[in-house]
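Structural characterization, general
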Amino acid sequence: MSSKILIIGACGQIGSELTHKLRDIHGNENVIASDINYGNLDVVNSGIFEILDAQDYSSVKICVEKHSINTIYLMAAMLSATGEKFPMKAWDLNMDSLFHVLNLAKEGIIKKVFWPSSIAVFGSTTPKENTPQYTIMEPSTVYGITKQVGERWCEYYHNKYGVDVRSIRYPGIISWKTLPGGGTTDYAVDIYHKAIADKTYECFLSENTELPMMFMDDAIKATVDLMHADSDSVKIRSSYNLAAISFTPIDIANAIKKHIPDFTISYKPDFRQEIADSWPKSIDDSQARQDWNWTHNFDLEAITEEMLTNLSKE
């Protein structure tokens, strides 16, 4: 049976690039993009697009049946920094949408689910260096709480009802194609935009705040690789640790200076500093590398070159 895919939240930072990648693989007619509004015209105009409220079960089910969907990528979420401003909205969106999709799978209406988790599941009591796959998780943000709870429900639905749900704990994602979406790691995207436009950047995190990061191409590759993996090789049904590199704002600034020597950076930490301080500095993703052969391709130098080269063209 060929894959008929629905991407919910297709206009977001990851969803938009995932949509294009999946259409390249499966064909435009087999990948239906959806979102709450026409937030990304490039996605809207590149194939079949549906306006869809992820919190409305009936609407999601109707869309699934209309297009004979068998696989859903649920990318709709309210991220960490935005979620702290609207905690109940973040809880409702992030949890309702997950239950709707898991229940469609439980009922046999769809066959496979991808749901992204995040390093936000970890908290200040989690080991900071090489954070293990199985460890203490006491998240301090609403976003992190929804992701931790979501992981438990994904595992429960797999164990109890046989739902084929797969998940990755994304680190910070860096991309030149889409603007940041309200996350604590957004500085690592914004800094490149400001470096080209203004040759200076005021960072909302302190200079030595080390966080796990990943180039978008690697994040998309991991998502596709996991979903294409044989079911028996997917040993973890809560969510896999995923890592590529870790760096600080001063590291990224120094990498930029190799290309833009007069670039300057200053630091004015805000409420996002406390969020960042609760997260790991580096991640042990050996389980993903062992189970489904995960590998990353981009280090900081390669990311910086890609970002500056492509943003300079715009």
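Presented here is a report on the structure given in the accompanying data block. Everything quoted here is computed from the prediction, not taken from an experiment. Just so you know, the residues in each chain are numbered from 1, in the order the chain's sequence is written. Only residues with pLDDT of 70 or above have their local features reported here, since the model is predicted, and side-chain atom pairs are shown and tallied only from 80 upward, although totals for entire chains, interfaces and linings are computed over all residues. Computation of side-chain values: all heavy atoms of the structure, hydrogens and water removed.

A closer look at the layout of surface pockets
Using a 1 Å grid laid over the protein atoms alone, points where a 1.4 Å probe fits but cannot get out form a cavity; open sets with protein on both sides within 12 Å along at least 5 of 7 lines form a pocket; any residue with an atom within 4 Å of a point counts as lining. Grid points are joined across faces, edges and corners, and a volume is the space filled by probe spheres set on the points. Considering only enclosed or pocket space, the largest pocket measures out at about 970 Å³ in volume. Together, 43 residues line the largest pocket, and Gly 12, Met 75, Ala 77, Leu 79 and Gly 181 are the ones closest to its centre. Each helix is a run of H or I in the DSSP string that is no shorter than four residues. Each strand is a run of E no shorter than two, and both are numbered from the N terminus. When residues of the lining of the largest pocket are traced back to their parent elements, those giving at least two are helix H1 (13-26), helix H4 (80-85), strand S6 (117-118), helix H6 (142-161) and strand S9 (172-174). Sorting elements by how many residues they give to the lining of the largest pocket places H1 first, with three residues. Ten residues, namely Ala, Val, Leu, Ile, Met, Phe, Trp, Tyr, Cys and Pro, are considered nonpolar, four, namely Asp, Glu, Lys and Arg, are considered charged, and the remaining ones, Gly among them, are considered polar. Residue classes in the lining of the largest pocket are distributed as 21 nonpolar, 18 polar and four charged. Taken as a whole, the second largest pocket encloses approximately 250 Å³ of empty space. In terms of residues, the lining of the second largest pocket owes the most to one element, helix H8 (residues 216-228), which gives six residues. When the residues that make up the lining of the second largest pocket are grouped by side-chain class, the tally is four nonpolar, one polar and eight charged.

Quick look at empty space enclosed by the protein
Throughout the structure, instances matching the rule amount to one cavity of 30 Å³ or more. Of the voids in this model, the largest cavity is the one considered here, and its volume is about 30 Å³. Every residue along the wall of the largest cavity is listed here: Glu 17, Ser 175, Trp 176, Lys 177, Phe 215, Met 216 and Asp 217. Here the residues of the lining of the largest cavity are counted per class, giving three nonpolar, one polar and three charged.

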